[in-house]
Amino acid sequence: MLKLIKKQKLNKRRLKMSKRVIIGGGGTGGHIFPAIAIADALREADPDISILFVGAEDKIEMEKVPAAGYRITGIPVTGFQRKFSLKIFVFLFRLIRSMRKSKKIIRDFKPDVAVGVGGYASGPVMRAARLKGIPVIIQEQNSYPGITNRMLSKSADRICVAYEGMEKYFPENRIILTGNPVRKEIQMIKPARKEGLDYFGLSEKKETLLVLGGSLGAETINRCIINGISEIPENVQMIWQSGKNYFREAKEKKMEAFAANIIVTDFIIRMDMAYIAADIIISRAGAGTISELAIVGKPVILVPSPNVADDHQTKNALSLVNKDAAIMVSDKDAGLSLMKEAVSLIVDKNKRRILSENIKKLAVPDSADQIAKEVLKLMNK
């Protein structure tokens, strides 16, 4: 009996001593993949650290976080309704429930530090942490911050950003320029083009165009490829990630055009191999994607999505265009000019070299490690 009591006391002491981090946020891959990268860096720095994710119910994080080997719990929060409608009452009801649940999660888990990565779930969890006096770090991926992080920044202890000039939006004395965390497999990419081409069964003698049409399907990019497939030169092959919503139509278009040099997929599992194989990339301008592209160092044409808050993808893209590190085609002009820009870039090898050199200068491969160090510093405080 005495041994059992001693063992229970020892377990309680160990539980008290173990470091605990809660990571809140998600809603899109652009939020959740950096969050997982931060968790990986924390585990690498301290294998005994206990990490709990909090995400929005029914969003991508509820699948991706467990797949990465971490625990997650969901809260019923939804996105803020900018236009007045009856949905605003649903939003408020779910926000109240989410705050209550977040307070319980904080009370039960007892984190030493809370990390907010943006997205629906970040707000209630970080707010609940601050109410309990727990140090908060927020990570802002974009060059124009979302409303959640703008609100949280007023009480956050550290604000990790990916772009310069963020003192316009956040308290300057708390800003740390860390870049955006990216997936480990992207960080470890080596420029072995043949390996990537062999993975997709493509030729070394042709230029490779990688089209990233989004996980669900970016309408403008996919529509441009569908309508302009005949404009692709014979010396060019293509890896086309159409996304789930456009996969069937993309496959039909490929068969109709007898295009054996086009690989169509709804989702690329080995994105590292796709990046290695690519000579030119067409993509949306999400912050996480841009951070990956900088590490990959390939010439890129960005088509910012117009369907995001505050048009932040255009601002992300312009931050590269102003440094001659990317080409931007606006969503409204893409139908007329995207394929022309792609074909022109294939031919202009000097322009490709300049874009590649300049985008590489913007890469921050150790971003997740930098953020993990800040988390550990707050713990030790």
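Look up: the structure comes first, before these words.
Thresholds applied
- Residues numbered from 1 in each chain as written.
- Predicted model: local features only at pLDDT ≥ 70, side-chain atom pairs only at ≥ 80, totals over all residues.
- Heavy atoms only, no water.
- Helix = DSSP H or I, 4+ residues; strand = E, 2+ residues; numbered from the N terminus.
- Rg over C-alpha atoms; globule rule 2.2 N^0.38 Å.
- Buried < 20%, exposed > 50% of the residue type's maximum accessible area, 1.4 Å probe, protein only.
- Contact = heavy atoms within 4.5 Å.
- Areas by Shrake-Rupley, 256 points an atom, 1.4 Å probe, with all protein chains shown as cover.
- Lys, Arg positive; Asp, Glu negative; His and termini not counted.
- Charge placed at Lys NZ, Arg CZ, Asp CG, Glu CD.
- Pairing = 2+ DSSP bridges.
- Right-handed = clockwise from strand over helix to strand, strands pointing away.
- Salt bridge = Lys/Arg side-chain N within 4 Å of Asp/Glu carboxyl O.
- Patch = residues over 30% accessible without salt bridge, like charges linked within 9 Å, V, L, I, M, F, W, Y side chains within 5 Å.
- Axes fitted to C-alpha atoms, helices over the stretch in contact; angles between N-to-C directions.

A. Summary view of the overall build of the chain. A tally of helices and strands in the chain yields 16 helices and 13 strands. Taken against the 2.2 N^0.38 rule, which gives 21 Å for 381 residues, the C-alpha radius of gyration of the chain at 22 Å falls within 12% of a compact globule. Principal-axis analysis of the C-alpha atoms places the extent of the chain at approximately 80 × 50 × 40 Å. Looking at the chain as a whole, 50% of its 381 residues are labelled buried. For the chain, the share of sequence-separated contacts (at least 6 apart) that also reach a separation of at least 24 residues comes to 64%. With an accessible surface of roughly 19,200 Å², the chain has 54% of that area assigned to carbon and sulfur atoms. In the chain, 62 side chains carry a positive charge and 41 a negative one; their mean positions are 10 Å apart.

B. Looking closely at unusual backbone geometry. We note that Asp58 has phi near 70°; this positive angle belongs to a residue other than glycine. The residue Asp58 is located in the loop between strand 2 (50-56) and helix 3 (61-67) in this model. The exposure class assigned to Asp58 is exposed, which follows from its relative accessible area of 76%.

C. The arrangement of the pairing of strand 10 (residues 262-265) in detail. Sheet analysis places strand 9 (residues 236-241) next to strand 10, joined by 4 bridges and oriented parallel. Its bridge partner being in strand 10, Ile239 is matched across the sheet by Ile263. You can see the chain leave strand 9, run along helix 10 (residues 247-256) and come back into strand 10, and the turn it takes is right-handed.

D. A look at the sheet that holds strand 9. On the basis of which strands lie adjacent, the open sheet formed by 6 strands has the order 10-9-8-11-12-13 and parallel pairing. One side of each edge strand has no neighbouring strand; the edge strands of this open sheet are strand 10 and strand 13 (327-328). Judged from the 2 bridges that link them, strand 12 (residues 300-302) and strand 13 form a sheet pairing that is parallel. By the bridge assignment, Ile301 is partnered in strand 13 with Ile327.

E. Local environment of helix 5 (residues 122-131). Most of helix 5 is tucked away: 7 of the 10 residues are buried. All of the buried residues in helix 5 are Ser122, Gly123, Pro124, Val125, Met126, Ala128 and Ala129. Once helix 5 ends, the next one or two residues include Gly133, with phi positive near 75°.

F. A look at the pairing of strand 5 (residues 136-140). Summarising burial for strand 5: 5 of the 5 residues are buried, a large majority. Side-chain alternation along strand 5 places Val136, Ile138 and Glu140 on one buried face and Ile137 and Gln139 on a second face that is also buried. Pairing of strand 4 (residues 113-116) with strand 5, which is carried by 3 bridges, proceeds in the parallel orientation. Looking at strand 5, one finds that Gly116 is bridged to Ile138. Once you follow strand 4 into helix 5 and on to strand 5, the crossover reads as right-handed. Note on the crossover from strand 5 through helix 6 (residues 147-152) to strand 6 (residues 158-161): the handedness is right-handed.

G. Quick peek at the pattern of salt bridges. Inspection of the entire model under this criterion finds 18 salt bridges. Measuring nitrogen to oxygen at the nearest pair gives 2.7 Å for the salt bridge that ties Lys104 to Asp108. Remark: Asp108 and Lys104 occur in helix 4 (residues 87-109); sequence separation between them is 4 residues, near one turn of the helix. Residue classification places Lys104 among the partly exposed residues on the basis of a relative accessible area of 44%. Residue classification places Asp108 among the partly exposed positions, given a relative accessible area of 49%. Of the charged contacts in the structure, one is a salt bridge between Arg193 and Asp279, with a shortest N-O distance of 2.9 Å. Pair noted here: Arg193 is in helix 8 (residues 193-200) and Asp279 is in the loop between helix 11 (271-277) and strand 11 (280-283), with a separation of 86 residues, a long-range link. By relative accessible area, which is 25% here, Arg193 ends up partly exposed. Look at Asp279 and you get buried, because its relative accessible area is 13%.

H. Broad picture of a nonpolar patch on the surface. The grouping of Leu86, Phe89 and Leu92 at the surface amounts to a nonpolar patch, some 340 Å² of accessible area in total. On the secondary structure map, Leu86 appears in the loop between strand 3 (71-75) and helix 4.

I. Summary view of the sheet that holds strand 7 (residues 175-177). In spatial order, the strands read 3-2-1-4-5-6-7; together these 7 strands make up an open sheet with parallel pairing. Because the sheet does not close on itself, it has two edges, and the strands there are strand 3 and strand 7. Recorded for the sheet is a direction-independent mean angle of 25° between the axes of neighbouring strands. Where strand 5 meets strand 6, 4 bridges bridge the pair, whose relative direction is parallel. Bridge pairing in strand 6 links Ile138 to Ile159. Contacting strand 1 (20-24), strand 2 and strand 3, helix 4 runs over the sheet at an angle of about 150° to strand 3.

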